[in-house]
Amino acid sequence: MNFRDTLNIGKNGHLQIGGVDCVDLAKKYSTPLFVMDEAYIRAVARAFKNTVETTYGYGGVAYASKAFSCKAIYQVMKEEDMNIDVVSAGEIYTAICSGFDISRAYFHGNNKLVSELEFAISHDIGHIVVDNLEEVDLIDMIAAKNHVVQKVLIRTNPGVEAHTHSFIQTAKIDSKFGFSIKNGDAKQVIDKILTKQNVEFEGVHCHIGSQIFDKSAFALAVDVMTDFIAQLAKENIKVAVLNMGGGFGVHYSGDDPKFDIAQYCDYVATLTFKLNECIKSKGIDKPYLMIEPGRSIVGEAGITLYSVGAIKEIKGIKKYLSIDGGMTDNIRPALYDAQYDAIIANKADQKGEEVVTIAGKCCESGDIIVKDICLPKAERGDIVAVFTTGAYCYSMASNYNRNTIPPVVFVKDGKSAYAVKPQNFEDIVRNDVEVKYE
Ligand code: LLP
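Reading the values: the criteria
- Residues numbered from 1 in each chain as written.
- Predicted model: local features only at pLDDT ≥ 70, side-chain atom pairs only at ≥ 80, totals over all residues.
- Heavy atoms only, no water.
- Helix = DSSP H or I, 4+ residues; strand = E, 2+ residues; numbered from the N terminus.
- Buried < 20%, exposed > 50% of the residue type's maximum accessible area, 1.4 Å probe, protein only.
- Contact = heavy atoms within 4.5 Å.
- Areas by Shrake-Rupley, 256 points an atom, 1.4 Å probe, with all protein chains shown as cover.
- Lys, Arg positive; Asp, Glu negative; His and termini not counted.
- Charge placed at Lys NZ, Arg CZ, Asp CG, Glu CD.
- Near = heavy atom within 4 Å.
- Polar contact = N/O pair within 3.5 Å; in protein donor to acceptor, adjacent residues only side chain to side chain.
- Nonpolar A, V, L, I, M, F, W, Y, C, P; charged D, E, K, R; others polar.
- Core = buried A, V, L, I, M, F, W, Y, C linked by side-chain atoms within 4.5 Å.
- Domains from an automatic or database assignment.
- Phe/Tyr/Trp six-rings, centres within 6.5 Å; stacked < 30°, edge-to-face > 60°.
- Salt bridge = Lys/Arg side-chain N within 4 Å of Asp/Glu carboxyl O.
- Pairing = 2+ DSSP bridges.

Visitor: Hey, could you run me through the overall build of the protein in this one?
Guide: For the protein, the count of helices and strands is 12 helices and 23 strands. Seen through its C-alpha atoms, the protein measures out along the principal axes to roughly 70 × 65 × 40 Å. The burial tally for the protein puts 55% of its 438 residues in the buried class. Here the analysis covers contacts within the protein between residues at least 6 apart in sequence; of these, 69% occur between residues at least 24 apart. Just so you have it, the protein exposes about 19,000 Å², and 50% of that area is on carbon and sulfur atoms. Between the mean site of the 47 positive side-chain charges and the mean site of the 57 negative ones, the protein shows a separation of 2 Å.

Visitor: Would you take a moment to explain the site of the ligand for this structure?
Guide: Among the 18 residues in the neighbourhood of the ligand, the closest are listed as Ser-210, Glu-292, Arg-295, Arg-332 and Tyr-392. A distance of 2.8 Å is found between an oxygen atom of the ligand and a backbone nitrogen or oxygen belonging to Gly-247. Arg-295 places a polar main-chain atom, nitrogen or oxygen, 2.8 Å from an oxygen atom of the ligand. Class assignment of the residues belonging to the shell around the ligand gives a composition of five nonpolar, seven polar and six charged.

Visitor: Any chance you could explain the nonpolar core here in plain terms?
Guide: The tendency in soluble globular proteins is for nonpolar side chains to be buried side by side. The biggest cluster of nonpolar side chains holds 113 residues, and the ones touching the most others in it are Tyr-63, Phe-68, Ile-73, Met-77, Ile-84, Met-244 and Val-298. Among the elements that make up this core, the one with the highest residue count is helix α8 (residues 216-234) (11 residues). Residue contributions to this core reach at least three from each of two domains, namely domain 1 (7-30 + 303-429) and domain 2 (38-298). Once residues within four sequence positions are removed from consideration, Tyr-63 is found in contact with Phe-68, Ile-73, Met-77, Met-82, Asn-83, Ile-84, Asp-85, Pro-293, Gly-294, Ile-297 and Val-298. Membership of the second largest hydrophobic core comes to 20 residues, among which are Leu-7, Ile-17, Ile-303 and Ala-385.

Visitor: Would you mind showing me how to read the packing of aromatic side chains here?
Guide: The full count for this structure, using the stated rule, is 16 aromatic pairs. Taking 4.9 Å as the distance between ring centres and 85 degrees as the angle between the ring planes, the aromatic pair formed by Tyr-58 and Tyr-288 counts as edge-to-face. Linking Tyr-58 in the loop between α2 (38-55) and β5 (59-64) with Tyr-288 in strand β15 (residues 288-291), this pair joins segments that are 230 residues apart in sequence. Judged by its relative accessible area of 40%, Tyr-58 is partly exposed.

Visitor: It is not clear to me how the pattern of salt bridges should be interpreted in this structure. Could you clarify?
Guide: Close approach of charged atoms allows side chains with opposite charge to pair. One pass over the full model with this rule turns up 26 salt bridges. Here Lys-412 and Glu-38 are joined by a salt bridge, their closest N and O atoms 3.9 Å apart. Separated by 374 residues along the polypeptide, Lys-412 in strand β22 (residues 408-412) and Glu-38 in helix α2 bring together distant segments of the chain. Take Lys-412: its relative accessible area is 34%, and that puts it in the partly exposed class. Take Glu-38: its relative accessible area is 12%, and that puts it in the buried class. For the salt bridge of Glu-277 with Lys-274, the shortest nitrogen-to-oxygen distance reads 3.5 Å. Residue Glu-277 and its partner Lys-274 are both found in helix α9 (residues 261-282); the two are separated by three residues, about one turn of the helix. Accessibility expressed as a relative area gives 38% for Glu-277, which makes it partly exposed. Linked by salt bridges that have partners in common, Glu-38, Arg-42, Arg-46, Glu-79, Glu-80 and Lys-412 make up one network.

Visitor: Can you walk me through the sheet that holds strand β2 (residues 15-17) in this structure?
Guide: The strands that make up a sheet pair up through hydrogen bonds in the backbone, lying either parallel or antiparallel. If you walk across this open sheet you meet the three strands as β1-β2-β3, and the pairing is antiparallel. With one partner strand each, in any of the chains shown, β1 (7-9) and β3 (20-21) form the two edges of the open sheet. Relative to β2, β1 runs antiparallel, the two sharing three bridges. Opposite Ile-9, over in β2, you have Leu-15 as the bridge partner.

Here is the structure:
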């Protein structure tokens with residue numbers, strides 16, 4: 001865990017988040033429960049914005065809302081003067097419902113549906129990030145119908161592939177996302193856009209991966225992107241916007257670096273430092289810079305609280321602590337072998353005594369949330385807190401086994417409130433109907 005002023009252990013030995021005792025939260029709202037530290041979310045968003053402002057002076061930050069999407073988070077982003085990245089009509093709809101100005105949104109996706117493009121354009125979406133050739137025709141047609149000229153970026157593939165602790169530069173162009181710069185596909189789609197009356201080419205986008213710790217990967221991507229911008233400039237094609245995507249790594253467990261907010265800003269500063277340098281050395285016009293972090297804004301802000309139920313010891317092999325949630329609220333261990341850190345929230349000041357495995361309650365042997373973790377001796381009813389669950393947990397939750405999706409509670413300054421209410425059994429059967437053939 002990566003403790004901070006709003007995530008720490010209280011005098012009573014309980015874990016606290018946002019000034020609220022986690023045991024009290026579990027009592028008040030029941031478990032499983034997603035808890036989001038609102039002050040931390042705002043602080044990271046502000047720090048990213050501020051770093052773009054002070055180190056580059058011409059740009060903004062779009063929160064990648066796939067990481068965690070609900071009305072309350074768009075409300076926060078609106079108040080923090082942020083842009084957003086959206087990837088479906090559902091996310092756009094949620095943002096609109098929260099009063100977010102959708103002209104500040106970047107709409108992504110490798111297969112945006114015609115209905116989604118119609119929805120987005122008729123609601124005055126700010127930018128669409130084009131990801132296939134036919135999309136250009138579709139956008140042109142729908143924009144014409146709506147009597148608008150739609151601003152677009154193109155998603156490029158710069159051939160920089162980052163994995164958590166390292167990156168490689170490849171000529172590999174096999175990705176469902178983006179147009180390769182190297183093989184000319186990116187230039188080809190721009191040429192096509194420039195022939196369209198109702199589509200305006202604004203700039204280029206790339207996203208080199210997620211959960212990246214190696215900052216030099218971002219610098220290399222900036223180098224490739226600015227080479228491309230310089231090449232386009234030679235042909236009198238102006239790139240007004242450069243969107244560098246997201247991907248900044250966060251601490252989950254073990255050896256992952258433990259960054260504080262200022263250190264997160266180094267990701268941004270590395271990127272802007274390189275961009276300033278490239279603009280000078282390559283003699284290109286200064287583009288408006290966008291970055292699109294998701295995980296780093298909400299990831300560490302979130303924890304999940306569970307209650308310990310059945311405890312099963314297989315002598316000489318393993319001890320399982322079963323909790324009242326699992327892969328339905330956190331699919332990441334099963335899907336990516338993601339590693340998490342956890343503690344017992346009501347025994348947060350006690351030393352680890354035994355190695356246990358925290359198992360979810362779903363009918364699936366892969367439903368393990370944390371493997372082999374040393375915890376104080378656990379009993380039924382203890383509250384387990386799993387850290388860094390703010391990103392890609394609630395947003396990837398499911399009703400597998402007809403478990404209900406847990407609520408989300410925001411905490412701030414010692415207070416708590418629902419951001420998303422709990423599902424109930426009625427929600428589970430809401431769309432089930434009697435089958436009647438006609
Ligand atoms: N921009 C684009 C175009 C993206 O595709 C993504 C993430 C982001 C921004 C935000 O990246 P972040 O800052 O959150 O790393 N479900 C996976 C993560 C998938 C990320 C997909 N794209 C997980 O749970 O790890």
